[in-house]
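# Descriptive analysis of the structure
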Amino acid sequence: SQQGEEDPQALSIQEGENATMNCSYKTSINNLQWYRQNSGRGLVHLILIRSNEREKHSGRLRVTLDTSKKSSSLLITASRAADTASYFCATDDFQGNSGGSNYKLTFGKGTLLTVNP
Amino acid sequence: GAGVSQTPSNKVTEKGKYVELRCDPISGHTALYWYRQSLGQGPEFLIYFQGTGAADDSGLPNDRFFAVRPEGSVSTLKIQRTERGDSAVYLCASSLRASGRGVDEQFFGPGTRLTVL
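Quick look at the structure, then.

Definitions and cut-offs
- Residues numbered from 1 in each chain as written.
- Chains lettered and ligands numbered in written order.
- Predicted model: local features only at pLDDT ≥ 70, side-chain atom pairs only at ≥ 80, totals over all residues.
- Heavy atoms only, no water.
- Helix = DSSP H or I, 4+ residues; strand = E, 2+ residues; numbered from the N terminus.
- Rg over C-alpha atoms; globule rule 2.2 N^0.38 Å.
- Buried < 20%, exposed > 50% of the residue type's maximum accessible area, 1.4 Å probe, protein only.
- Contact = heavy atoms within 4.5 Å.
- Areas by Shrake-Rupley, 256 points an atom, 1.4 Å probe, with all protein chains shown as cover.
- Pairing = 2+ DSSP bridges.
- Axes fitted to C-alpha atoms, helices over the stretch in contact; angles between N-to-C directions.
- Core = buried A, V, L, I, M, F, W, Y, C linked by side-chain atoms within 4.5 Å.

Turning our eyes to something else, we now look at the overall build of chain B. Scanning chain B for helices and strands turns up zero helices and 11 strands. The helix and strand sequence of chain B, counted from the amino end, reads β-β-β-β-β-β-β-β-β-β-β. For 117 residues, the compact-globule estimate of 2.2 N^0.38 gives 13 Å, and the C-alpha radius of gyration of chain B, at 13 Å, lies within 12% of that figure. Dimensions along the principal axes, computed over C-alpha positions, put chain B at roughly 40 × 30 × 30 Å. Looking at chain B as a whole, 49% of its 117 residues qualify as buried. A separation of at least 24 residues holds for 56% of the contacts in chain B among residues at least 6 apart in sequence. With the model as given, the accessible surface of chain B reaches about 5500 Å², and the carbon-plus-sulfur share is 48%.

This is the structure in structure tokens:
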């Protein structure tokens, strides 16, 4: 079963606009990651945010994490046509009860972002 | 340096046949993951290796699926008696290690597209 659920499923914007994608998850986590997948290409890691962090920046990317709501958002500013891709959030699954960590990474279904020139 | 490579890039087989999919991780990465991705879905975890051992194989759908990593580097995913439902893109990823702080950044290969006729 998939832990992360991205919202919206699809998003179409004009070049230069900002794009915001959201992700919700169900269980406690250690880390949440965002990945990008271009058509016909592999997955590329964008950013990792730890459960004790609330916000992180990388270039034109800004990620927030709200562990109380079990949600994260990815903001891409000043979008470009090359940003057109599917974006996935992925979470690990902290098994606090056993005192250890589960190293399985669970992906959502993704948001398909189209940036029109 | 070289990234994660997977061979073959495409594999077409007939129902009931046996297939092997190969993954060459980034040199020095001790953690290796296999995922399966169906059209319109996010990657689905299959199995995780730390070194030579399968630390978590909870994602393997049934006993027709098996994976090995005998020397702690190259891994082979083996599927026996293939079924049409096995058709998907099989992705391999590696990371430096699976740390005590959850799942780190993963580097993905381009995938093997398996088609079972």
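Here we take up the sheet that holds strand β1 (residues 5–7) of chain B. All names here are of chain B. An order of β1-β3-β8-β7 is seen for the four strands of this open sheet, with the pairing classed as antiparallel. The sheet is open, and its two edges are formed by β1 and β7 (65–68), each paired on a single side. Across the sheet, the mean angle from the axis of one strand to that of its neighbour is 15°, orientation sign disregarded. Across three bridges, the pairing between β1 and strand β3 (residues 19–24) is antiparallel. Within β3, the residue paired with Q6 across the bridge is C23.

Moving on, we get to the nonpolar core. Counting residues in each nonpolar core, the largest one holds 21 residues, and the members touching the most others are A:L32, A:W34, A:L74, A:I76, A:Y87 and A:L113. Among the elements of the structure, β3 (19–24), β4 (31–37), β5 (43–50), β7 (61–66), β8 (71–76), β9 (85–93) and β11 (111–116) of chain A are those that each provide at least two residues to this core. Counting 20 residues, the second largest nonpolar core, distinct from the first, contains B:I26, B:F49, B:L77 and B:I79.

All names here are of chain A. One open sheet accounts for five strands, arranged β1-β3-β8-β7-β6; its pairing is antiparallel. Strand pairing shows two members of the sheet lacking a second neighbour, β1 (5–7) and β6 (55–58), which therefore form its edges. For this sheet, the mean angle separating the axes of adjacent strands, direction not counted, is 20°. Where β7 meets β8, six bridges bridge the pair, whose relative direction is antiparallel.

Honestly, it's all geometry; don't read function into it.
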